Amino acid sequence: MLVSVSDLNWPDGDGDLHKMAKNEQSNGVNGGPVLPNGFQQLDTQVAGHQFEPTNSSSSSSIGLLQDPQKGYVLKPLGKPECGERELNFYESLARAQAGDVKATREGNDLTLASLSPYVPRFYGHLKLTVNQREHTFIRLEDLTRGMLQPCVMDVKMGRRTWDPESSAHKRQVEEQKYVICKQKLGLCLPGFQVYLPANSTNSSHEGDHSVILRHGKDYGKSLNVAGFKQTMALFFNASTSDSKAQAAGSEVLLREILRQLREILDWFKHQRQLHFYASSLLICYDGSQLSHAKSSILPSEWIRVRMIDFAHVYPAENGQADENYMFGLESLIEVLESIHHR
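Here, residues in each chain are numbered from 1, in the same order as that chain's written sequence. pLDDT decides what is reported in this predicted model: residues at 70 or higher carry local features, side-chain atom pairs at 80 or more are listed and counted, and totals for whole chains, interfaces and linings draw on all residues regardless. Note: side-chain values were computed over all heavy atoms of the structure, leaving out hydrogens and water.

Caption draft 1: Broad picture of unusual backbone geometry. Phi is positive for Gln132, which is not a glycine, with a value near 65°. Structurally, Gln132 can be placed in the loop between β6 (122–130) and β7 (133–141). Classification of Gln132 by relative accessible area gives exposed; the value is 62%. Despite not being glycine, Ala278 shows a phi value in the positive range, around 55°. Segments assigned H or I by DSSP are reported as helices when at least four residues long, segments assigned E as strands when at least two residues long, and all are numbered from the N terminus. Here Ala278 lies in the loop between β12 (274–276) and β13 (280–286). Using a 1.4 Å probe on the protein chains alone, a residue whose accessible area is under 20% of its type maximum counts as buried, one over 50% counts as exposed, and one in between counts as partly exposed. Take Ala278: its relative accessible area is 14%, and that puts it in the buried class.

Now the structure itself:
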């Protein structure tokens, strides 16, 4: 459950957290970023801004961080107006979840609060010095914590990925990205990683019994509709399951993913408050559980679908439904249903 920022039990207290942020920093190794002690780059990041070598011309680019001891992911806020908008969204969601009606508009807190199960838990924000510069980070739940084989996919939703305040140039740039899949499916695939059986090809070895496959935005931009569907089947191990246990695991996986996606779609069908532009769904599951899917572990404990990226969330115009987001979501459900039932 999300809680109000003021009700959070900070691990070391605000003062200690501030001191930790100012602690002696670890030196960058082989051109890597210089990070505060206790933090590291998020190794399961598959999309978005990432760290560049400190000696490159783009060394100001900051990626996601991880606090492995506490189980948090830290996301840099980015551009001031976008960062403020995303932080406001998380704080509004936390207030709505806590039942602070006075802090919400027109009593819409109940609708917003009902979104909380589909968003990573929010633990406030903090400042950290990275590469000798101070940055503000949002602190979120690490959705892959405890997973032995974290399979992660970022799917950007909607045909339109530019917000109402975008310049003509920004709109033009966005319209030229992921053209085929975005226009026909309302979906983009910025990146993913998946663990596959060891006999799969085009993968790098990761242990004795599995291989890991990673692709980024260039791969996603090259996909047509057929390629997108094939990639989804690959990600869910639906095209590589060579044992009855694996096949049963993929069945459980797809059924649970579809359940969570339909719940998110149901929320969108009833809400008229917000429109989400350039927002993504993050799909995570533990590949090590595929061979044990009929164990006592609940599917929701190793399979998670969450909405992320809220820098371009705007009030709905004239109380209209978010048809742009729903088009992509309905397409994704349709693609996965076809894989599930084939």
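Caption draft 2: Main features of helix α2 (residues 80–98). Any helix carries an expected span of 1.5 Å times its number of residues minus one. Spanning 19 residues, α2 covers 27 Å between terminal C-alpha atoms, matching the ideal 27 Å at 1.5 Å per step. Every buried residue belonging to α2 is among Cys82, Gly83, Arg85, Glu86, Leu87, Phe89, Tyr90, Glu91, Leu93, Ala94, Ala96 and Gln97, and all of these are buried. Looking one or two residues past α2, Gly99 carries a phi angle of roughly 85°, positive in sign.

Caption draft 3: Up close: the pairing of β7. Burial of β7 is extensive: 7 of the 9 residues sit out of reach of the surface. Sheet topology places strand β5 (residues 72–76) next to β7; 5 bridges connect them, and they run antiparallel. Directly across from Lys75, in β7, lies its bridge partner Ile138. Strand pairing is defined by DSSP finding a minimum of two bridges between the two strands. Summarising the sheet, β6 and β7 pair through 7 bridges and their orientation is antiparallel. Paired with His125 across the bridge in β7 is Ile138. Where β6 folds back onto β7 in an antiparallel hairpin, the turn is made up of 2 residues, including Asn131, whose phi is positive at roughly 55°.

Caption draft 4: Summary view of the nonpolar core. As used here, the term nonpolar core means buried Ala, Val, Leu, Ile, Met, Phe, Trp, Tyr and Cys residues forming a set that is joined through side-chain atoms within 4.5 Å. Counting residues in each nonpolar core, the largest one holds 69 residues, and the members touching the most others are Phe236, Phe276, Leu281, Tyr285, Met307, Leu329 and Leu336. Sort the elements by how many residues they give to this core and helix α8 (residues 244–270) lands first, with 10 residues. The contacts of Leu281, once residues within four sequence positions are left out, are Met153, Asp154, Val155, Met157, Leu261, Ile264, Val305, Arg306, Met307, Tyr325, Leu329 and Leu332. If you look at the next biggest cluster of nonpolar residues, it comprises 10 residues, including Phe39, Leu126, Leu128 and Val130. Contacts: residue pairs with any heavy atoms within 4.5 Å of one another.

Caption draft 5: Structural context of the pairing of β13. Burial analysis of β13 places 7 of its 7 residues in the buried class, the great majority of the element. Every second residue of β13 is oriented toward a common face, with Ser280, Leu282, Cys284 and Asp286 on one face and Leu281, Ile283 and Tyr285 on the other, all of them buried. Relative to β13, strand β8 (residues 150–157) runs antiparallel, the two sharing 7 bridges. Residue pairing in the sheet places Cys151 in a bridge with Tyr285 of β13. Where β13 meets strand β14 (residues 303–308), 6 bridges bridge the pair, whose relative direction is antiparallel. Each residue of the ladder has a partner; that of Ser280, found in β14, is Ile308.

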